[in-house]
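Coordinate analysis (summary)
Here are the chains, one letter per residue:
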Amino acid sequence: MSTTLETGTGRGQQPPTPPPPSPPPGDALRRTADWARRAPLLPALIFTIIITQLPFVATLVISFMDWNAYYPDERGFTGLSNYVNVLTDVNTRHAIWVTIVLTVVVVLVSLLLGMGIALLLDRQFRGRGIVRTMMITPFLVVPVAAALVWKHALFNPEYGLLNGTLTWIWSVFGSDNPPQPDWITTAPLAAIEVSLIWQWTPFMMLILLAGLQSRPLDVIEAARIDGASAWQIFRYMTFPHLRRYLELGALLGAIYIVQTFDAVFVITSGGLGTANLPYVIYQTFYTAHDYGLASAAGVITVIGTILIATLALRTVSTLFQEENAR
Amino acid sequence: MSSITDVGPVAATRTDEGEARQPRKPRSGALLGVAAWLIGILFVVPVLWMVLTSFHSEEDAATNPPSVFAPLTLQGYRQFFGVGTGTSPWPSLLNSLTASLFATVLVLLLSIPAAYALSIRPVRKWTDVMFFFLSTRFLPVVAGILPIYLFAQWSGLLDNIWLLVVLYTSMNLPIAVWMMRSFLAEVPVEILEAASMDGAGLLLTLRRVVAPIVLPGIAATSLICFIFSWNELLLARTLTGTRALTAPVYLTGFVTSQGLFLAQMCAAAFVVSLPVLIAGFAAQDKLVQGLSLGAVK
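This is a predicted model, so every value here is computed, not measured.

Within chain A one finds 14 helices and 2 strands. For chain A, contacts bridging at least 24 residues in sequence account for 71% of all contacts bridging at least 6.

In terms of helices and strands, chain B carries 15 helices and 0 strands. Counting all 297 residues of chain B, 47% fall into the buried class. A separation threshold of at least 6 residues defines the contact pool for chain B, and within that pool the share at least 24 residues apart is 76%.

Turning our eyes to something else, we now look at the packing of helix α9 (residues 188-212) of chain A against helix α15 (residues 284-291) of chain B. Axis separation between α9 of chain A and α15 of chain B bottoms out at 10 Å; the angle between their running directions is 95°. As summarised for this structure, α9 of chain A and α15 of chain B are arranged roughly perpendicular, according to the angle between their axes. Two secondary-structure elements touch here, α9 of chain A through F203, L206, I207 and A210 of chain A and α15 of chain B through L287, V288 and L291 of chain B. In terms of residue class, the contact of α9 of chain A with α15 of chain B is built from 7 nonpolar, no polar and no charged.

Residues and elements named next belong to chain A. Between its first and last C-alpha atoms helix α7 (residues 161-172) spans 16 Å; for 12 residues at 1.5 Å apiece the expected length is 16 Å, and the two agree. Looking at α7, one finds that the buried residues are L161, N163, G164 and T167. For α7, the arc enclosing every buried residue in end-on projection is 165°, short of the 170-degree limit, so these residues lie on one face. Opposite the buried face of α7, by more than 90 degrees, sit the exposed residues I169 and V172. Looking one or two residues beyond α7, the residue adopting positive phi is G174, at roughly 80°.

Attention now moves to the environment of A143 of chain B. Mapped onto the elements of the fold, A143 of chain B is located in the loop between α7 (126-138) and α8 (145-155). Sequence separation of A143 of chain B and R124 of chain B is 19 residues, and the distance between their C-alpha atoms is 30 Å. Residues contacting A143 of chain B, with those up to four places away along its chain left out, are F56, T59, G298, T301 and V302 of chain A.

This next bit is on the packing of helix α2 (residues 42-62) of chain A against α8 of chain B. Helices that pack against each other are described as a pair by the angle of their axes relative to one another and the distance between those axes. Between α2 of chain A and α8 of chain B, whose axes approach to 7 Å, the crossing angle comes to 100°. Classed by the angle they form, the pair α2 of chain A and α8 of chain B counts as roughly perpendicular. Residues P55, A58, T59 and I62 of chain A of α2 of chain A lie in contact with α8 of chain B, whose contacting residues are L146, P147 and I148 of chain B. Of the residues belonging to the contact of α2 of chain A with α8 of chain B, the class tally is 6 nonpolar, 1 polar and no charged.

The next thing to look at is unusual backbone geometry. All names here are of chain A. Within the chain, S269 stands out as a residue other than glycine whose phi angle is a positive 50°. Within the secondary structure, S269 is located in the loop between α12 (262-267) and α13 (277-286). One non-glycine residue, H289, lies in positive phi territory at about 55°. Position of H289 among the secondary structure elements: in the loop between α13 and α14 (291-325).

Do not read the predicted coordinates in detail wherever pLDDT is low. Residue and element names in this part refer to chain B. Mean pLDDT over chain B works out to 82, with 87% of the residues at or above the 70 mark. When pLDDT is averaged over each element of chain B, helix α13 (residues 247-251) comes out on top at 93 and helix α1 (residues 9-12) at the bottom at 40. Across residues 1-24 the pLDDT falls below 50, and counting only partners more than four positions away or on other chains, this stretch makes 42 contacts in the model. The ipTM for the predicted assembly is 0.84, set against a pTM of 0.84.

The next subject is the environment of A294 of chain A. Looking at the element boundaries, A294 of chain A is found in helix α14. With 208 residues separating them along the chain, A294 of chain A and V86 of chain A place their C-alpha atoms 8.7 Å apart. With near-sequence residues (within four places) excluded, A294 of chain A lies in contact with I281, T284 and F285 of chain A together with L146 of chain B.

Once that is clear, we can look at the confidence of the model for chain A. Chain-level statistics for chain A give a pLDDT mean of 83 and a share of 89% at 70 or above. This model gives residues 1-20 of chain A a pLDDT under 50, and the stretch forms 28 contacts once residues within four places in sequence are excluded.

Residue and element names in this part refer to chain B. Here V189 shows up in helix α10 (residues 189-198). On the neighbour-count criterion, V189 (12 C-beta atoms within 10 Å) is exposed. On a C-alpha basis, the gap between V189 and R121 in space is 8.8 Å, while along the polypeptide they are 68 residues apart.

What counts, and where the lines are drawn
Residues numbered from 1 in each chain as written. Chains lettered and ligands numbered in written order. Predicted model: local features only at pLDDT ≥ 70, side-chain atom pairs only at ≥ 80, totals over all residues. Helix = DSSP H or I, 4+ residues; strand = E, 2+ residues; numbered from the N terminus. Contact = placed C-beta atoms within 7 Å. Buried ≥ 20, exposed ≤ 12 C-beta atoms within 10 Å, placed from the backbone. Axes fitted to C-alpha atoms, helices over the stretch in contact; angles between N-to-C directions. Parallel < 35°, antiparallel > 145°, perpendicular 65-115°, else oblique. Nonpolar A, V, L, I, M, F, W, Y, C, P; charged D, E, K, R; others polar. Expected span 1.5 Å × (residues − 1). Arc of directions from axis to C-beta. pLDDT = per-residue confidence, 0-100.

As structure tokens, this is what we get:
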């Protein structure tokens, strides 16, 4: 096709002179056409490479260096010692474990809750739109604000809503000695998980609801007429259809939740054994200024994420191909 | 009611089938409806509690059992906006607005041409390019934050809001490219080509055929990018100090309790969340598509 058209998407495009019906496939001509085709893509591509890939390469280099800003004279390459330190240090090893537990628990629980709620919302009932809007709300609270509200307004042992509700329930039954647990101190990681599950269940619910609404309903109707029970329809028709959406929700959710920083920073400030990898890395380079160690921990986070991301990309690409095949 | 099925352009066509689905047993159906209502209320209670507490006096906010029906007051808001104390959150709110708006505009300027080159006139191996963009979204922020910090320190860009604009642009670009591509892919290319041959018809076609498809896409993409930029904490916390401080960083001032401060904190949390709540409810139907990077419509 003509090359004038590709060079811009904006206004001022002159109608191109009609191209010859089949231009002789000259090499130079085709190369120009190829570049004209690529031109609109290049700014975004170059920008992305500079802003995301270069820093990561730098992280990779620094991860092999002994570099602490407090001791600028001792900078030099040390090989794998930072990695050895990350993997042998009790704190960072614990952070790896916390990251895994946090991600798995939050993803699984919010996925299960999200599926249950999506199934409920897929039915007809009065005020379905209102319930759907209520369900989305937690996702639309700024994460820092949500974590603050959970920490101070809900979990606080003296005046938080949770213990306040306990006091109120106990007083209804005539007791003035209600249990008043200190939620965050007793179960710090669970407290963070609860606040994250609260925020991420709507995400899972939205994806699964979209999945439910794309089911081939005529087939399900036919099965129902043929006498299939609700459970059979769920087990053999709905669930297999939902599987890809479950995978998508789990993997996208995992990629976002592995990076959780706000909730840990606000609710426990990494204390009480809740520091995950992003928090430890932040602390290692921002407070302790150990750049080499922080970078090695960053690279390890990336390796973990790549494992998940490979699976995620595979799932997304299946959905993507099916959509394009339609 | 109608908003439920309007999940996306594809789902919208199924509204009729969705409505036609029969509730099997009326009684269990009603029970399940009640269950859905209860769960919905349970999920929204923390937000409602935040809003209610923000309108209580500090004394009423910190009682046990909670004083739900305490008189309403703007005391918390007055305190948050620094009436009397002089510490105003406005600079941080304006910084957040600057960072989010400019990042969104930049994202659109970069992603629309890119999406064009990936859908209407696709380059060769365009799927590989799509997945390259996506893979950058999967790269954890902590993987690049140190070199960015060192670069900012070296170049004097530390505590500069424009650095955040650039970083938020790169953070949102993959999402925007995927979303915009999924919208542009719906543009009928034949009509566009016929119009470009015709010459005079091109502008008309752009307005009549392309704009109705692409404009909602641009709106949805902008809202998603705005939300993600507005919410961001880690980069802002690391790379800003006093001048370029954003609203989420301002909120971290409430991490440690300071006596009676619950109403003020809830007012702060509500004010900072308000733009996202508004944008999110406005883009409710497009949220799934954005969050799943356009994979689910």
